[in-house]
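Descriptive analysis of the structure
Given next are the chains, with one letter for each unit.
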Protein chains: 4
Amino acid sequence: MKETIGFIGTGNMGSPMAMRLLKAGYKLKVYNRTKSKLGTLIERGAEAVERPADAAEPGGIVITMLADDAALREVTFEADGLLKSLGPGNVHISMSTISPDTSREMAVKHHEVSADYLAATVSGRPEVAAEGKLGIYLSGEKAAKERVMAILHELGRNVANCGEDPGAANVVKLAANFMLFSAVEAFAEALAFAEKQKLDRTSVMNMLCDNLFDCPVYRNYGKLLAAQDYERPAFKLKLAFKDLKLAIQTSESAEAPMRLAESLHNRMLSLIATGKGDCDFSAIGRGAAEEAGLVHS
Amino acid sequence: MKETIGFIGTGNMGSPMAMRLLKAGYKLKVYNRTKSKLGTLIERGAEAVERPADAAEPGGIVITMLADDAALREVTFEADGLLKSLGPGNVHISMSTISPDTSREMAVKHHEVSADYLAATVSGRPEVAAEGKLGIYLSGEKAAKERVMAILHELGRNVANCGEDPGAANVVKLAANFMLFSAVEAFAEALAFAEKQKLDRTSVMNMLCDNLFDCPVYRNYGKLLAAQDYERPAFKLKLAFKDLKLAIQTSESAEAPMRLAESLHNRMLSLIATGKGDCDFSAIGRGAAEEAGLVHS
Amino acid sequence: MKETIGFIGTGNMGSPMAMRLLKAGYKLKVYNRTKSKLGTLIERGAEAVERPADAAEPGGIVITMLADDAALREVTFEADGLLKSLGPGNVHISMSTISPDTSREMAVKHHEVSADYLAATVSGRPEVAAEGKLGIYLSGEKAAKERVMAILHELGRNVANCGEDPGAANVVKLAANFMLFSAVEAFAEALAFAEKQKLDRTSVMNMLCDNLFDCPVYRNYGKLLAAQDYERPAFKLKLAFKDLKLAIQTSESAEAPMRLAESLHNRMLSLIATGKGDCDFSAIGRGAAEEAGLVHS
Amino acid sequence: MKETIGFIGTGNMGSPMAMRLLKAGYKLKVYNRTKSKLGTLIERGAEAVERPADAAEPGGIVITMLADDAALREVTFEADGLLKSLGPGNVHISMSTISPDTSREMAVKHHEVSADYLAATVSGRPEVAAEGKLGIYLSGEKAAKERVMAILHELGRNVANCGEDPGAANVVKLAANFMLFSAVEAFAEALAFAEKQKLDRTSVMNMLCDNLFDCPVYRNYGKLLAAQDYERPAFKLKLAFKDLKLAIQTSESAEAPMRLAESLHNRMLSLIATGKGDCDFSAIGRGAAEEAGLVHS
């Protein structure tokens, strides 16, 4: 009989993650600002709670998977917030893409009430979450990390230990996203270049993946880019832009300039300004194509 | 008993490629502007010739592996140049990284004398060439491509057919290099960012490769970047810059803007201006680190 | 006998502006977080007050000249803040470089207590402020603008009417700073380029000013750039970076990409990361020179 | 009675310059590849010659005003080229926008036949040329410069002495154009930014010119940018791009990176790729507006 876990934030990513835990035999107390998103989870046996504070059992584990720093702050610090009910033995696993400095501040506030805060950030799209094959970056206190490891292994195929600094997993996640966006931008430009030289986008994409870039990131996004297929968003451009801004803001406080991030800022903001914010972020490829004078239906 | 092949250009890359053909049982007539570079090949049985024109047997195959467009033009068109001795049945396999337009012009001139011109560009470092495991992009006339396939399979593990346009293999090669440089730049920035947040470069590098970027390009360059080890150049920065300029120049004639290429132009030129042109091109990582105020011994 | 004006924020720029008003015959009630900065003004007859709220006379005018959005919010909204004592007839002239959205929000809050809020942003260095020769951009309600015009004409040679939108003057100020930074960056690159071609920086600077760029911005910064003289900061790089970030943040909410701003972001952040944040912002010129391999003592 | 001058290249700029010299009383021997462009000059008394070599009188002065390095090389070095008829006492004033290295090579070749070569580059549009108010940058041997000064003063209001290095005037010209393009790009972005914040383009443009940017460059281009009026090209975008590429190419050989030039490269190439190469170069403003989602009729 497995323990009860609090789960706060059941959106695009949180929902399949919570479902995965239910299937693995955990009991869940779930909270979401918009209650209607809890339906399927309740059908599968999760218990809905009214306030974030109610998600935590004494000494238990709570997972948060929220949109941004502000949402996490609200859920944690508001009057009925999670921190109200945390104390010795509680562990808060924060899986949202947020800034490292927010994680560090969170850790301090949790320690003040003798609870633990871990950052456990994830790479992967919703369908990957549903299969329990996310990549997970984990940081925070050692004992707390060991305690939650079995749970994280239900969610991810690979849990990378980023050390004791509670913000470290957030740093790695921002770096990973930045590299992902850069790879898609470069691939998009390369395909526009090849098309303007009258080569076939799909052939070139395949050749580049076969020879040098033989990994899922390039293969998956390469297909979308070759086909100029951006209308089924798994990771919306406007959310990717939010993550990019978080990386840039962190690069400011870290005093570590990232020139490709600045270039991507222009690309994404232009796409948003011209109405493509709700496309998949790989619509970067449309930007590169239009800039080259290519028009696709 | 295998046929005799002409081989012009026995530098860093050409030398191990020619050696590979000798080991596979081909006879070679070799030419190099600087004769001293022919030593090892002659010891292994290659015949040195005095003029590019002498490298070609009637109806035979000649490979060129030269530094740039200008070197190929000279070797091909000069008074004693290769084109002088080419005629029906000859195939010139041009393996240098040159502009697609030069390949297209070459093809026309070769057809005027009833010879064939193929572009067969390669991805891979000298040690990869020595093992016959290059990635090869091949373009040009169908019959000629079929004729040379066995020879190319001695050099590469993978021969990608880019179609009939003689410039196509050059387009793909320029695109591949551009994507490689972009990936290294992004990785370099990510590691400087992580280090400024007090994370360990090697750990972060490994985590990123394990989760999202699990392919040799990221693993190999990731090691160099994590260790800031740029002093054993397999692909010199100043030669990478030459290739980048070729990509930009082709993007101009193709009217296909490549904003990351323009950003890389600044990075590489700055490194050259500050004395790092003879480092490996992954010294991009030193640029990113210095810009972030990181100083490594 | 002129009226009494509240003046909050007597730093680098605020101090000479307040002094200018004293000399013009206005009475001042001055407030500054750090009291020690009030000394000279008190000697010249200004009255120091203990709380921001005390700076406003019933129905009177209050000027704020603060570091950033956060400082203005605090001074305005805190328990003893300015807003507490404002009511019908009061006009708050906000002269800080802040975001247009903060101005718009401020205007709403002021109208709720029947007071007026004007944005009156300024171009010019401290010595220009002392001479009453600032350039001023003014926006907000018509009647209020007319009421304060005489005061603003003590501070500036030129008061430009930006219309009724309270944020408009902030937009123009951010645009002006952005154009200033861009002009300095371009000039810096041009001089590094010329020096690397063995031309004399000062001669080239003068020729460019004489022919095409004959206005004070280019002449003044051209002198600093030619001499590589950045150690007497009139506008510190780290403050300029704050303004640049404000412009970028506003460009995000306006969905108006500014690619040169993104490029400047890299330049300034690199200079800050390498220890030049307290130089004058024209140290951009040092960045361009070092990038070109030029070392100046 | 004034001397006879050879004048080669009577295009957009060359034509009003030659006309200006005729009006000042000089006799002209004119040459143009396309003869039909000589009509008006011949009506005004110029003598048309058949070959570049015929433009030079023994010991006389010849002016060239051509499209690019290649055109100057052809006119100078071809079989019937200018250099054929030059000898002691001849001065060739080269007024085209070309690379400094071409000027340096030209100077060497001219000295071999005891003739002088001067670079005298110009700032200004055709109507400015017609009024004799160009800005002129002059470099080369001192005695030759003195000899041609009276002639240059017919063409320009201001002749700046760039020193003895024959390429120096070309360096300054490339720097001036680069700064001009940068200023227009920055202004264009600022106006798009302001418009997206609902400010009036023309008002903002005027305020910025009145306060900080009070010089003809900003006033003239500001008007075009505010009105989005790019259809009457005085300096075509595709020619501006040619000059920008020359600056970048020179920055490569000088090892002086120019990041704004690289950014402008993307802007201009995108505009050309989308069909705006024949607009005035200030169509940069259309690029900035479209990127921000602004559509103007």
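Up top is the structure.
The sections below set out a description of the structure shown in this document. (Residues numbered from 1 in each chain as written. Chains lettered and ligands numbered in written order. Predicted model: local features only at pLDDT ≥ 70, side-chain atom pairs only at ≥ 80, totals over all residues. Heavy atoms only, no water.)

1. Re the relation of the copies chain D and chain B
When chain D is fitted onto chain B, the two copies agree to an RMSD of 0.0 Å after a turn of 180 degrees and an axial shift of 0.0 Å. The transformation just described matches what one would write down for a two-fold rotation axis. Of the C-alpha atoms belonging to chain D, the one lying closest to the rotation axis is found on Glu 262 of chain D, 2.7 Å away. Interface overlap between copies: 94% of the residues of chain D at the interface are likewise at the interface in chain B, consistent with a symmetric, same-surface contact. (Least-squares fit on C-alpha atoms with pLDDT ≥ 70 in both. Contact = heavy atoms within 4.5 Å.)

2. Quick notes on the interface of chain D and chain B
Each side of the interface is counted separately: chain D has 18 residues, and chain B has 17 residues. Carbon and sulfur atoms supply 55% of the area buried between chain D and chain B, which totals about 1,400 Å² over both sides. Between the two partners, chain D and chain B, sit zero salt bridges. Linking chain D to chain B there are six residue pairs in polar contact (both at pLDDT 80 or more). The dominant element in the side of chain D that touches chain B, judged by the number of residues it contributes, is helix α11 (residues 259-273) of chain D, at eight residues. Looking at the side of chain D that touches chain B residue by residue, the class counts come to eight nonpolar, four polar and six charged. (Buried area = accessible area lost by both parts, 1.4 Å probe. Salt bridge = Lys/Arg side-chain N within 4 Å of Asp/Glu carboxyl O. Polar contact = N/O pair within 3.5 Å; in protein donor to acceptor, adjacent residues only side chain to side chain. Helix = DSSP H or I, 4+ residues; strand = E, 2+ residues; numbered from the N terminus. Nonpolar A, V, L, I, M, F, W, Y, C, P; charged D, E, K, R; others polar.)

3. Here we look at empty space enclosed by the protein
Gaps between atoms show up when a probe of the same size as a water molecule is rolled over them. What the rule picks out here adds up to two cavities of 30 Å³ or more. In this structure, the largest cavity spans a volume of roughly 350 Å³. Ser 263 of chain A, Arg 259 and Ser 263 of chain B, Ser 263 of chain C together with Ser 263 of chain D are the residues nearest the centre of the largest cavity, which is lined by 16 residues in total. Mapped by element, the contributors of at least two residues to the lining of the largest cavity are α11 (259-273) of chain A, α11 (259-273) of chain B, α11 (259-273) of chain C together with α11 of chain D. Class assignment for the residues of the lining of the largest cavity results in no nonpolar, eight polar and eight charged. Put simply, the second largest cavity is a space of about 30 Å³. Looking at the lining of the second largest cavity, the elements that each hand over two or more residues are α7 (168-196) and α9 (216-227) of chain A. Among the elements that line the lining of the second largest cavity, the one with the most residues is α9 of chain A, at five residues. The residue inventory of the lining of the second largest cavity, partitioned by class, reads seven nonpolar, one polar and no charged. (1 Å grid on protein atoms, 1.4 Å probe; cavity = no way out; pocket = protein on both sides within 12 Å on 5 of 7 lines; lining within 4 Å. Points joined across faces, edges and corners; volume = space filled by probe spheres on them.)

4. Overview of the sheet that holds strand β7 (residues 134-139) of chain A
Ordered in space as β3-β2-β1-β4-β5-β6-β7-β8 (chain A), the eight strands form an open sheet in which the pairing is mixed. With partners counted over all chains shown, the strands left at the sheet margins are β3 (47-48) and β8 (156-161) of chain A, one partner each. Taken together, the two bridges between strand β2 (residues 27-31) of chain A and β3 of chain A define a ladder with parallel strand orientation. Paired with Val 30 of chain A across the strands is Ala 48 of chain A, a residue of β3 of chain A. Across the sheet, helix α1 (residues 14-23) of chain A touches β1 (4-8), β2, β4 (61-64) and β7 of chain A, and the angle it forms with β1 of chain A is around 170 degrees. Most of the contacts of helix α8 (residues 201-211) of chain B go to β8 of chain A, to which it runs at about 175 degrees, and overall it touches β7 and β8 of chain A. (Pairing = 2+ DSSP bridges. Axes fitted to C-alpha atoms, helices over the stretch in contact; angles between N-to-C directions.)

5. Some remarks on helix α7 (residues 168-196) of chain D
When the terminal C-alpha atoms of α7 of chain D are compared, their 42 Å separation across 29 residues agrees well with the 42 Å that a helix rising 1.5 Å per residue should span. Looking one or two residues beyond α7 of chain D, the residue adopting positive phi is Lys 198 of chain D, at roughly 70 degrees. (Expected span 1.5 Å × (residues − 1).)

6. Thoughts on the interface of chain B and chain A
By a widely used convention, the size of an interface equals the accessible area lost when the partners come together. Counting from both sides, the interface comprises 62 residues of chain B and, opposite them, 62 residues of chain A. Both faces combined, the contact of chain B with chain A buries some 5,300 Å², and carbon together with sulfur accounts for 66% of it. Its largest share of buried area at the contact with chain A, chain B owes to Met 179, Phe 193 and Arg 259 of chain B, together 16% of the area lost on that side. Taken together, the connections running from chain B to chain A amount to two salt bridges. For Arg 259 of chain B, the salt bridge identified is with Glu 291 of chain A, shortest N-O distance 2.5 Å. Taken together, the links from chain B to chain A amount to 19 residue pairs in polar contact (both at pLDDT 80 or more). Taken together, the elements giving at least two residues each to the side of chain B that touches chain A come down to α4 (100-112), β7 (134-139), β8 (156-161), α7 (168-196), α8, α9 (216-227), α10 (237-254) and α11 of chain B.

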